[in-house]
Amino acid sequence: MTSANDIATAAALILAGGLVAFPTETVYGLGADATQDHAVAKIYAAKGRPQFNPLITHVVDVEAAFALGKFSADALKLAARFWPGPLTLVVPRRADCPVSLLASAGLPSLALRVPAHPIALELLRAVGRPVVAPSANPSGRISPTTAAHVRAGLTPDMILDGGACAVGVESTVVSLLDRPRLLRPGGLARETIESALGFALEDAETGGALHSPGQLESHYAPHAEMRLNAVQAEVGEVYLGFGASGGAHNLSPSGDVVEAAANLFRMLHEIDALKPKCIAVAPIPHSGLGEAINDRLKRAAAPR
Ligand code: TXA
Ligand code: MG
């Protein structure tokens, strides 16, 4: 699917200020050279994203992250334990940090992540610089978990195809600016992070400078209306089931929230393509990745 030659071409495009979509273990990212303001601006334009939404900077390893941000003892612990992986850490920028301020949306902090995907890591190694990458979808739409999803919404200079993303929801975002705080639930469960830290994460404040657009109400919306905690479909609805609730579209027939997370955006895309008036979604348990799934569903169902 992706050759060494493709990686070299993609890296050259990024260094020349272009946009390349690439797979990560969570969702596909729309990548640009983090040190070029213009390339970063092109991302906001391509996504139609409000400019106050800061982006995640992707780096090849922990050492590359230390060169950009200041890590507290808790930040060090989480980086050592969970990178590469579906966890983003928000830390203070170093004074000499070369990442475009546009990528931080003017904040004195930086969101950093080492992705656990061989193509992402090969690309980062070939670029030799930090790469900013939001999810590769138009702003406010469903995140892409295949190259075809990317192609349906955006026209980057190149798309590296790595097949379907294993995790299927975005990374968990934890701020380490004061007490460790969960800004966005995601592919790494809150409980897993809390047991590594040995204490509970604070919740995100609503509003304020740290406001995370992952928290904008209707951020993950399909075209169809959404009805949650539905026991069955009504007339004009397509049902998205979970566990024994059955149906042609089922997030996880065996009732596994990890499998459901991996299927979530793909199935929402599939059902949305059928253009129903409304998508009726079965109740999803709240444990583990269920928190992130319910969070995305709640936003998708918010009035817009
Ligand atoms: O899994 C992922 O995280 C994917 C893949 C491509 O890595 N990326 C992704 O990026 O979801 P994006 O831009 O769609 O979401 C970035 C999240 C937003 O919720 C944003 O508010 C938060 O990270 N964020 C970024 N920088 C921040 C900062 N300095 N302070 C607080 N939140 C920040
Ligand atoms: Mg996104």
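None of these values were measured; they are calculated from a predicted model.

Cut-offs used in this document
Residues numbered from 1 in each chain as written. Chains lettered and ligands numbered in written order. Predicted model: local features only at pLDDT ≥ 70, side-chain atom pairs only at ≥ 80, totals over all residues. Heavy atoms only, no water. Pairing = 2+ DSSP bridges. Helix = DSSP H or I, 4+ residues; strand = E, 2+ residues; numbered from the N terminus. Salt bridge = Lys/Arg side-chain N within 4 Å of Asp/Glu carboxyl O. Buried < 20%, exposed > 50% of the residue type's maximum accessible area, 1.4 Å probe, protein only. Contact = heavy atoms within 4.5 Å. Axes fitted to C-alpha atoms, helices over the stretch in contact; angles between N-to-C directions. Parallel < 35°, antiparallel > 145°, perpendicular 65-115°, else oblique. Left-handed = near helix turned anticlockwise from the far one by under 90°. Nonpolar A, V, L, I, M, F, W, Y, C, P; charged D, E, K, R; others polar. Domains from an automatic or database assignment. Buried area = accessible area lost by both parts, 1.4 Å probe. Polar contact = N/O pair within 3.5 Å; in protein donor to acceptor, adjacent residues only side chain to side chain.

K.L.:
Please explain the sheet that holds strand S5 (residues 109-113) as it appears in this structure.
P.N.:
Two modes of strand pairing occur in sheets, parallel and antiparallel, and in both the strands are linked by backbone hydrogen bonds. With mixed pairing, ten strands are arranged side by side in an open sheet as S7-S1-S2-S6-S3-S5-S4-S8-S9-S10. Each edge of the open sheet carries a strand with a single partner, namely strand S7 (158-159) and strand S10 (202-203). Two elements, strand S1 (residues 20-22) and S7, share two bridges in a ladder whose sense is parallel. Considered in S7, the bridge of Ala 21 is made with Ile 159.

K.L.:
Where do I start with the pattern of salt bridges in this structure?
P.N.:
Any two side chains of opposite charge can pair, on the condition that their charged atoms come close. Counted by the stated rule, this structure contains 13 salt bridges. Note that Asp 178 and Arg 181 form a salt bridge whose closest N and O atoms lie 3.6 Å from each other. Here Asp 295 ties to Arg 296 by a salt bridge, and the two come within 3.0 Å at their closest N and O atoms. On the basis of relative accessibility, which here comes to 11%, the residue Asp 295 falls in the buried class. Look at Arg 296 and you get buried, because its relative accessible area is 1%. One continuous salt-bridge network, built from bridges that share partners, spans Glu 170, Asp 295, Arg 296 and Arg 299.

K.L.:
Explanation requested: the environment of Gly 243 in the structure shown.
P.N.:
For Gly 243, the position within the fold is in the loop between strand S12 (237-241) and strand S13 (249-250). On a C-alpha basis, the gap between Gly 243 and Leu 121 in space is 35 Å, while along the polypeptide they are 122 residues apart. Sequence-distant contacts of Gly 243, that is, excluding residues within four places in its chain, are made with Asn 250, Ser 252, Pro 253 and Gly 255.

K.L.:
Would you take a moment to explain the packing of helix H8 (residues 257-273) against helix H9 (residues 290-301) for this structure?
P.N.:
Describing two packed helices takes the angle between their axes plus the distance from one axis to the other. Where H8 meets H9, the closest approach of the two axes is 9 Å, and the angle between their N-to-C directions is 30 degrees. What the angle tells us is that H8 and H9 run roughly parallel. At the point where H8 passes H9, the crossing takes the left-handed sense. From H8, Val 257, Ala 260, Ala 261, Leu 264 and Phe 265 reach across to H9, where they touch Gly 290, Ile 293, Arg 296 and Leu 297. Here the residues of the contact of H8 with H9 sort into seven nonpolar, one polar and one charged.

K.L.:
Hey, could you run me through the domain arrangement of the protein in this one?
P.N.:
Interfaces are often sized by the accessible area lost when the parts come together. The domain architecture assigned to the protein consists of domain 1 (4-203) and domain 2 (225-300). Listed by partner, the interface residues are 19 residues for domain 1 and 14 residues for domain 2. Carbon and sulfur atoms make up 61% of the area that domain 1 and domain 2 hide from each other, which totals about 1300 Å². Three residues, Ile 142, Val 169 and Pro 185, lead the burial of domain 1 against domain 2; their summed loss comes to 39% of the area buried on that side. The closest approach of N and O atoms between Glu 291 and Arg 190, which form a salt bridge, is 3.4 Å. Where domain 1 touches domain 2, the interface holds five residue pairs in polar contact (both at pLDDT 80 or more). Looking at the side of domain 1 that touches domain 2, the elements that each hand over two or more residues are strand S9 (181-184) and helix H7 (190-197). Here the side of domain 1 that touches domain 2 is built from residues that sort into nine nonpolar, six polar and four charged.

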